[in-house]
Structures are given as structure tokens and as C-alpha cells.
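Architecture and fold: a report
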Amino acid sequence: MAKRIVVSSDHAAIGMRQAVAAHLGARGLSVEDIGPKTAESTHYPMHGEAAAKAVAAGDADLGIIFCGTGQGIMMAANKVKGIRCGVCSDTFSAAMIRAHNDANMLSLGARVIGEGLALEIVDAFVDTAFEGGRHGTRVDMITAIEG
Ligand code: RB5
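Just so you know, the residues in each chain are numbered from 1, in the order the chain's sequence is written. Where totals are concerned, whole chains, interfaces and linings use all residues; where local detail is concerned, this predicted model gives features only for residues with pLDDT of at least 70, and gives and counts side-chain atom pairs only at 80 or more. Excluded from the side-chain calculation are hydrogens and water; included are all heavy atoms of the structure.

1. Here's the deal with the overall build of the protein chain
For the purposes of this entry, the term helix denotes a DSSP run of H or I that reaches at least four residues, the term strand denotes a run of E that reaches at least two, and both are numbered from the N terminus. Of the regular secondary structure elements, the protein chain holds six helices and five strands. Listed N to C, the secondary structure of the protein chain is β-α-β-α-β-α-β-α-β-α-α in terms of helices and strands. Taking 15 Å as the expected radius of gyration for a compact globule of 147 residues, we find that the protein chain reaches 14 Å, a close match to that expectation. Based on the C-alpha atoms only, the size of the protein chain along its principal axes is roughly 45 × 30 × 30 Å. A separation threshold of at least 6 residues defines the contact pool for the protein chain, and within that pool the share at least 24 residues apart is 71%. Note that His is not counted, nor are the chain ends; the positive residues are Lys and Arg, and the negative ones are Asp and Glu. Taken as the charge centre is NZ of Lys, CZ of Arg, CG of Asp or CD of Glu, depending on the residue. Of the side-chain charges in the protein chain, 13 are positive and 16 negative, and the distance between the mean point of each set is 4 Å. For this measure, only C-alpha atoms enter the radius of gyration; the expected value for a globule follows 2.2 Å times N^0.38, where N is the number of residues. Contacts are residue-level and defined by heavy atoms, with any inter-residue pair within 4.5 Å sufficient.

2. What about the nonpolar core?
Of all hydrophobic cores here, the largest spans 24 residues; its most connected members are Ile64, Leu106, Leu108, Phe125 and Val126. Mapped onto this core, the elements with two or more residues apiece are β1 (4-9), α1 (14-26), β3 (62-67), α4 (91-99), β5 (105-109) and α5 (115-127). Counting residues per element, this core draws most heavily on α5, which supplies six residues. Filtering out sequence-adjacent residues up to four positions away, Phe125 remains in contact with Leu62, Gly63, Ile64, Ala94, Ile97, Arg98, Ala103, Asn104, Met105 and Leu106. Formed by 15 residues, the second largest nonpolar core is a distinct cluster that contains Ala51, Ile65, Cys67 and Met74. In this text, buried Ala, Val, Leu, Ile, Met, Phe, Trp, Tyr and Cys residues form a nonpolar core when linked through side-chain atoms within 4.5 Å. Accessibility here uses a 1.4 Å probe with only protein chains present; expressed as a share of the type maximum, an area under 20% marks a residue as buried, one over 50% as exposed, and anything in between as partly exposed.

3. Description of the state of the cysteines
Only a pair of cysteine sulfur atoms within 2.5 Å counts as a disulfide in this structure description. A complete count under the given rule lists zero disulfides for this structure. Residue Cys85 stays outside any disulfide, its sulfur separated by 8.5 Å from that of Cys88, the closest cysteine. Residue classification places Cys88 among the buried residues on the basis of a relative accessible area of 1%.

4. Notes on the site of the ligand
Neighbouring residues of the ligand: Asp10, His11, Ala12, Tyr44, Cys67, Gly68, Thr69, Gly72 and Arg111. Think of a polar contact as two N or O atoms within 3.5 Å of one another; within protein, one of them needs to be a possible hydrogen donor and the other a possible acceptor, and neighboring residues in sequence only count if both atoms come from side chains. Between the ligand and the protein, one listed contact pairs an oxygen atom with a backbone N or O atom of Thr69 at 3.0 Å. Side-chain polar atom of Arg111 to an oxygen atom of the ligand: 3.3 Å apart, as the coordinates give it. Computed with a 1.4 Å probe, the accessible areas rest on the Shrake-Rupley method; for each residue, only the protein chains presented here act as cover. Across the complex, the protein chains shield 71% of the 290 Å² of accessible surface that the ligand would expose by itself. Near, as used in this document, describes a residue that has one of its heavy atoms within 4 Å of the molecule or strand being considered.

5. Here we look at the sheet that holds strand β2 (residues 30-33)
DSSP bridges decide pairing: two strands pair if at least two such bridges lie between them. Reading across from one edge, β2-β1-β3-β5-β4 is the order of the five strands in this open sheet, with parallel pairing throughout. This sheet does not close on itself; its edge strands, each paired only once, are β2 and β4 (85-87). Neighbouring strand axes in the sheet, compared pairwise and without regard to direction, differ in orientation by 20° on average. In this analysis, axes come from line fits to C-alpha atoms, helices being fitted only over the stretch in contact, and the angle between any two N-to-C directions falls in the range 0 to 180 degrees. Each of β1, β3 and β5 is contacted by α5, which is oriented at about 170° to β5, the strand it contacts most.

6. Regarding the side chain of Ser107
Structurally, Ser107 is set in strand β5. Classification of Ser107 by relative accessible area gives buried; the value is 0%. The contact partners of Ser107, leaving out residues within four places of it in the chain, are Ile65, Gly70, Ile73, Met74, Cys85, Gly86, Val87 and Cys88.

7. Re the pairing of β2
For a regular strand, side-chain orientation follows a simple rule: the groups alternate between the two sheet faces. As paired elements, β1 and β2 share four bridges and run parallel to each other. Paired with Val7 across the two strands is Asp33, which belongs to β2. Handedness is read with the strands pointing away from the viewer; a crossover is right-handed when the path from the first strand over the helix to the second is clockwise. As for the winding sense of the linkage, the β-α-β connection from β1 through α1 to β2 is right-handed.

Below you can see the structure in the form of C-alpha cells.
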């Protein structure tokens, strides 16, 4: 079954979010774009929370979120239990947060990187599997911090 990916952003990243959604859709992945639809000023925490809750509930396998820097919306997403989200501006980190950290969400900064790089980062994230083993022990330790 195709991976199900939920995407969301704030107003600073509408164009990048839509480009990523179109790219993943063209690759045959199942993409749910939960908005927002307009570029009206909004608040990144609620969009990070909404995508994170979809992933935590199992409604999506992975989440990709966006704001100006990728930082604020990542902080909000990581407050949701079960979420491991990292901001990436390079493909190596995007692959490694999957391989070693079992990240289930990726955050991108639309004011930091260009669209071409964003698509390559997203592909690296989506196409890399968690390696498990000793990395599983460490991810379990992260989860234990949640209580
Ligand atoms: C919005 O102006 C901006 O603060 C937001 O997109 C993001 O960069 C926050 O981390």
C-alpha cells in the first residue's frame, strides 16, 4: 500500500507545501493536504498540531509540515505524544532522521530553502527506512521521556 502522508503549513509556506503535495502525488503516494488554503496570516502551532495528531492517530504514516523557518511548526508538532519531527535543510539529515531517529514527521522552512531542494529533501525522507537495532533502543529512550 502507498505511504499515506499528511501535509500542513502556515501562511509562509503555502506554495512550497502545494509543490511538495503535487510532487508526492505524482510519485503515486497518498497525500492529504490539510491546508490552510489561503495565504491569510495564521498561526503555525495549530497547523503543526493538526498534522501531528493525524500521524499520532495512525491516519497518516508520515507528516510533512512547513513554516517560514520550519522551526516553530516543528516545535508544536513535537509536543504531540508519539511524534518525532526534525527540521531539515539537507538531504543527508532527512535520510538520517528516518534511518536513526525513526522520525515520523519532517519540517521544512520555506524562507530558508528553495523548492527544488525541498523536493529532494522530501524524497530522501520518504524513501528511507528506519534501521532499528541499536537505534531502536535510543528511540525507545526518547519515547520514555514522554512518560
Ligand atoms: C511567520 O511569520 C513565521 O514566524 C513562521 O512561519 C515560522 O517561521 C515560525 O517558526
